[in-house]
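Notes for the structure review
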Amino acid sequence: MPTDGDEFEPSAYCNARLWGQPPAAVANLGHSPPSGYHPKTKLTKAFVAALPILEDLWFPEDTTHLGAFLTRDYWHSSLVELADPRLLQAKISKYNEDNPSWDMAMNGPFAPEFWKACEVELGTLVDDMDAWELVDKTPDMKVLPSTWAFRIKRFPDGLIKTFKARFCARGDRQEHGVNYWETWSPVVHWSTIRTVMILAAKEQLVSAQCDITAAFVTAPIPPDETVYVAQPRGFVRGTNKVLRLKTCLYGMRQSPRYFFRYLTKKLKKQGLEPSDNDPCLFLGDGLLAIIYVDDVLIYGRNEEAIDQLIANLQKDDVRLRKEGTAEVYLGLQLERDGNKTILSQPGLIKRVVEGLGLSIKFSTAASTPAEQAALPRDVDGEPATGSFNYASIVGMLHYLNHTRPDCAFAIHQYACYTFEPKRSHEAAVKRIGRYLKGTMDKGLILDPSDNLTKDCYPDADFAGLWGHEHPQDPHCVRSRTGYVITLAGCPVLWVRKLQTEIALSTMESDHEDNVGALLLGQLEPRRMTPRSKHYAVKYH
């Protein structure tokens, strides 16, 4: 183990095995690699930076003092005697059962499956994609660290679908103007997905769900850009060697942008043009395609047209793989019954309930997702107990909101206190967990009417936190806006948010009390009324 002052090469030390040699747990050697415990050892800055705990830059450049906080045996990740709490929190919040770290994956019950996934990933990158060339490392090179990202993909009911291993570059170490420039890339809006599903149900369109293998790696790096990356952990070939990329890797900041540009060109060659309203919706002759990063959902009049499009893209070097119909898309479970479509997420709800520590069988169900009164900040309340990962649960609830508009207001309230939750906020989140437990089989029903009309139903709560917060706190006088937009009687977009300006009346907060706003706009001649006098006070 290196000590302070020693030189340390992460690729030589962390990758203790040769290319293709599995770890002990996978090879079933019956014993672990040799281990020794060094209670007095202080680690170098380079060693600490290479630990899988530190997947992000949490500290300033001068991190040599971190050695005083950590004593660790490399072969046994559990042997951490002293640690900065920020390191442990980073590890706890970043990894879980479905997204394990390298150590968790290679020492867990699914180690053989994850190791096989690594071999498949590198086989695709090296043999099929020719994603890089191995070059000698020189002192002037800006070499990005590399890492592995593991994931267990599940069906909506929670059963394991497949094991994924992704070789990634550490994009957080990239420097603007050195190894990346522009990064922005569009992502399809969920209102677009729901709108297309409504039209598909109404027109009885058939569907196909497709996945693009190693999607980002298919996008070439422009000739004027040079990116170097360290070799993959566990698969090192040669010493003092690095990878010079020919194509993008996952983790690089510019990868989504280059891939979307690449896929757009391929779809345009097949006669599909991006919509003016959403660049991730492509329209062709009798075909619709939705692009969500590397997941493609295609609708058409018949299966023959869809299969022909897939075959043409495959011939054009797009590694498209048909995975079935739209019954399972982006973690959503779709049930079609004539013109009616039901979207639900029972698997995600089960994970939320289990993450909250609630019992599927014995916990009492709640009748509503939140209390009738608004949820205050509770500044003087007791800190959260930490019995569950508040931020992780709120993140899952945000994704659940795509099919559960009945929970939108409650989720919005809970998300406001993610940074510093109190015990009262934890109790509120557990309430929505109990509500979801009792409505696990429920979802969004899309049953379009014959008339394809668009309607909007807005409302607002004027200074809704007044009386729940300290009266001198400006937070309590902010109003909240909410609205639902429907197409053919089906909700396609719902929004709830705090207003950016302090409203001075109920009419203004409702923008302005729908009926009042309409009456004010229809007045002839245009003039102020007693209900709109706040405008004269505010702007004149």
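This one's a predicted model, so the numbers in the text were calculated from it and none came from an experiment.

Here's the deal with the pairing of strand S21 (residues 490-498)
Successive residues of a regular strand alternate their side chains across the two faces of the sheet. S21 sits mainly inside the fold: seven of its nine residues count as buried. Where strand S20 (residues 480-487) lies against S21, eight bridges are found, and the strand directions are antiparallel. Note that in S21 the partner of Val484 across the bridge is Trp494. Hairpin connection of S20 to S21: two residues between the antiparallel strands, including Ala488 at a positive phi of 55 degrees.

Remarks on unusual backbone geometry
Positive phi values are uncommon outside glycine, yet Ala214 reaches one of about 45 degrees. Tracing the backbone shows Ala214 in the loop between strand S7 (206-212) and strand S8 (228-229). Taking relative accessible area as the criterion, Ala214 reaches 5% and is therefore assigned buried. Look at Leu330: it is not a glycine, yet its phi comes out positive at around 55 degrees. Structurally, Leu330 is set in the loop between strand S15 (328-329) and strand S16 (332-337). Residue Leu330 is classed as buried on the basis of its relative accessible area, which comes to 14%.

Quick word on helix H7 (residues 190-203)
With 14 residues, H7 should reach 20 Å at 1.5 Å per residue; the first-to-last C-alpha distance of 20 Å fits that figure. Burial within H7 is extensive, with 10 of its 14 residues counted as buried. Here H7 has its buried residues at Trp190, Ser191, Thr192, Ile193, Arg194, Val196, Met197, Ile198, Ala200 and Ala201. Immediately downstream of H7, the backbone of Gln204 shows phi near 55 degrees, a positive value.

What about the sheet that holds strand S19 (residues 454-461)?
What the three strands build is an open sheet, ordered S19-S20-S21; its pairing is antiparallel. Edge positions in the sheet fall to S19 and S21, since each of these pairs with one other strand and no more. Within the sheet, the average angular offset between the axes of one strand and its neighbour, ignoring direction, is 10 degrees. In the packing of helix H12 (residues 408-415) onto the sheet, the strands contacted are S20 and S21, and the crossing angle to S21 comes to about 30 degrees.

Looking at the packing of helix H11 (residues 390-400) against helix H13 (residues 423-438)
In the contact formed by H11 and H13, the axes pass within 12 Å of each other and the chain directions differ by 40 degrees. With respect to each other, H11 and H13 are oriented oblique. Judged by the sense of rotation from one axis to the other, the crossing of H11 with H13 is left-handed. Judged by residue contacts, Tyr390, Ile393, Leu397 and Leu400 of H11 engage His425, Glu426, Val429, Ile432 and Leu436 from H13.

What about empty space enclosed by the protein?
For the structure on display, the rule yields three cavities of 30 Å³ or more. The calculated volume of the largest cavity comes to roughly 50 Å³. Surrounding the largest cavity, Leu263, Leu267, Ala289, Ile291, Val296, Ile298, Leu309, Leu313 and Leu320 form its lining. Secondary structure elements with two or more residues in the lining of the largest cavity: helix H8 (255-269), strand S12 (287-292), strand S13 (295-300) and helix H9 (303-315).

Quick look at the pairing of S13
Of all six residues in S13, six are buried; the element is thus mostly enclosed. The alternating pattern of S13 places Asp295, Leu297 and Tyr299 on one face and Val296, Ile298 and Gly300 on the opposite face, and all of these are buried. Bridge analysis of S7 against S13 gives six bridges, and the strand direction is antiparallel. If you follow Val206 over to S13, its bridge partner there is Gly300. With six bridges joining them, S12 and S13 adopt antiparallel strand pairing. Residue pairing for S13: Ile290 is matched across the bridge by Leu297. The hairpin turn running from S12 into S13, its antiparallel successor, is two residues long, and Val293 in that turn takes a positive phi close to 60 degrees.

Observations concerning the nonpolar core
Grouped together as the largest cluster of nonpolar side chains are 86 residues, with contacts concentrated most on Trp132, Trp148, Phe150, Leu249, Ile298 and Tyr299. Residues within four places of Trp132 in sequence aside, it is in contact with Leu122, Leu125, Val126, Phe167, Leu243, Arg244, Leu245, Lys246 and Leu249. Membership of the second largest hydrophobic core comes to 26 residues, among which are Ile349, Leu356, Tyr417 and Tyr435.

Rules used in this analysis
Residues numbered from 1 in each chain as written. Predicted model: local features only at pLDDT ≥ 70, side-chain atom pairs only at ≥ 80, totals over all residues. Heavy atoms only, no water. Buried < 20%, exposed > 50% of the residue type's maximum accessible area, 1.4 Å probe, protein only. Helix = DSSP H or I, 4+ residues; strand = E, 2+ residues; numbered from the N terminus. Pairing = 2+ DSSP bridges. Expected span 1.5 Å × (residues − 1). Axes fitted to C-alpha atoms, helices over the stretch in contact; angles between N-to-C directions. Contact = heavy atoms within 4.5 Å. Parallel < 35°, antiparallel > 145°, perpendicular 65-115°, else oblique. Left-handed = near helix turned anticlockwise from the far one by under 90°. 1 Å grid on protein atoms, 1.4 Å probe; cavity = no way out; pocket = protein on both sides within 12 Å on 5 of 7 lines; lining within 4 Å. Points joined across faces, edges and corners; volume = space filled by probe spheres on them. Core = buried A, V, L, I, M, F, W, Y, C linked by side-chain atoms within 4.5 Å.

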